[in-house]
Amino acid sequence: MRLDKYLKVSRLIKRRTVANEACDAGRVLVNGKEAKASLAVKPGDTIEIQFGGKAVRVEVLSVQETVKKEAAAEMYRYL
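Residues numbered from 1 in each chain as written. Predicted model: local features only at pLDDT ≥ 70, side-chain atom pairs only at ≥ 80, totals over all residues. Heavy atoms only, no water.

## A word on a positive patch on the surface
Logical step 1: A contiguous patch of positive charge on the surface is contributed by Lys-8, Arg-11, Lys-14, Arg-15 and Lys-69.
Logical step 2: The topology assignment puts Lys-69 in the loop between β4 (54–60) and β5 (76–78). (Patch = residues over 30% accessible without salt bridge, like charges linked within 9 Å, V, L, I, M, F, W, Y side chains within 5 Å. Areas by Shrake-Rupley, 256 points an atom, 1.4 Å probe, with all protein chains shown as cover. Salt bridge = Lys/Arg side-chain N within 4 Å of Asp/Glu carboxyl O. Lys, Arg positive; Asp, Glu negative; His and termini not counted. Charge placed at Lys NZ, Arg CZ, Asp CG, Glu CD. Helix = DSSP H or I, 4+ residues; strand = E, 2+ residues; numbered from the N terminus.)

Here's what the structure looks like:
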């Protein structure tokens, strides 16, 4: 699954266009490297997102095309 779509489906970022812009600006790191929106995400990857002054690090646990709002938090684990 594409990184921008994963961020939207998992609800780490609200909209896919915002996720795409964050990737283009270099604010999203996957496994310690800057990532483009088209990068394929797989379970076990570490994603770090810079939100202003703070950073959020998560580990990808599962990749699903669609998921209900309540189950979205089960797609990742905070580090």
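## A look at unusual backbone geometry
A negative phi angle is the norm for most residues apart from glycine, just as the trans form is the norm for most peptide bonds.
Logical step 1: The backbone phi angle of Arg-11 is positive, close to 65°, even though this residue is not glycine.
Logical step 2: A positive phi angle, close to 55°, is found at Asn-31, a residue other than glycine.
Logical step 3: With respect to the element layout, Asn-31 can be found in the loop between β1 (28–30) and β2 (33–34).

## A closer look at the sheet that holds β2
Logical step 1: The five strands lie next to each other as β2-β1-β3-β4-β5, forming an open sheet whose pairing is antiparallel. Two strands in the sheet have a free side with no partner beyond their single neighbour: β2 and β5.
Logical step 2: Sheet topology note: the β1/strand β3 (residues 46–51) ladder contains three bridges and is antiparallel. By the bridge assignment, Val-28 is partnered in β3 with Ile-49. (Pairing = 2+ DSSP bridges.)

## Description of the nonpolar core
Logical step 1: Of all hydrophobic cores here, the largest spans 24 residues; its most connected members are Leu-3, Tyr-6, Leu-7, Leu-12, Val-28, Ile-47 and Ile-49.
Logical step 2: Elements supplying a minimum of two residues to this core: α1 (3–9), α2 (16–24), β1, β3 and β4.
Logical step 3: If we skip the residues at most four places from it in the chain, Tyr-6 touches Met-1, Leu-12, Val-41, Ile-47, Val-60, Leu-61, Ser-62, Val-63, Met-75 and Tyr-76. (Core = buried A, V, L, I, M, F, W, Y, C linked by side-chain atoms within 4.5 Å. Buried < 20%, exposed > 50% of the residue type's maximum accessible area, 1.4 Å probe, protein only. Contact = heavy atoms within 4.5 Å.)

## A word on the packing of aromatic side chains
Logical step 1: Under the definition given, this model contains one aromatic pair.
Logical step 2: Ring plane angle 85° and centroid distance 5.5 Å describe the contact between Tyr-76 and Tyr-78, whose orientation is recorded as edge-to-face.
Logical step 3: Since its relative accessible area comes to 55%, Tyr-78 is described here as exposed. (Phe/Tyr/Trp six-rings, centres within 6.5 Å; stacked < 30°, edge-to-face > 60°.)

## Points about the pairing of β4
Logical step 1: Pairing geometry for β3 and β4, over six bridges, is antiparallel. Pairing of Phe-51 across the sheet is with Lys-54, part of β4.
Logical step 2: The turn linking β3 back onto β4 is made up of two residues, and Gly-52 within it adopts a positive phi angle of 60°.
Logical step 3: Examined bridge by bridge, β4 and β5 share three bridges and lie antiparallel to one another.

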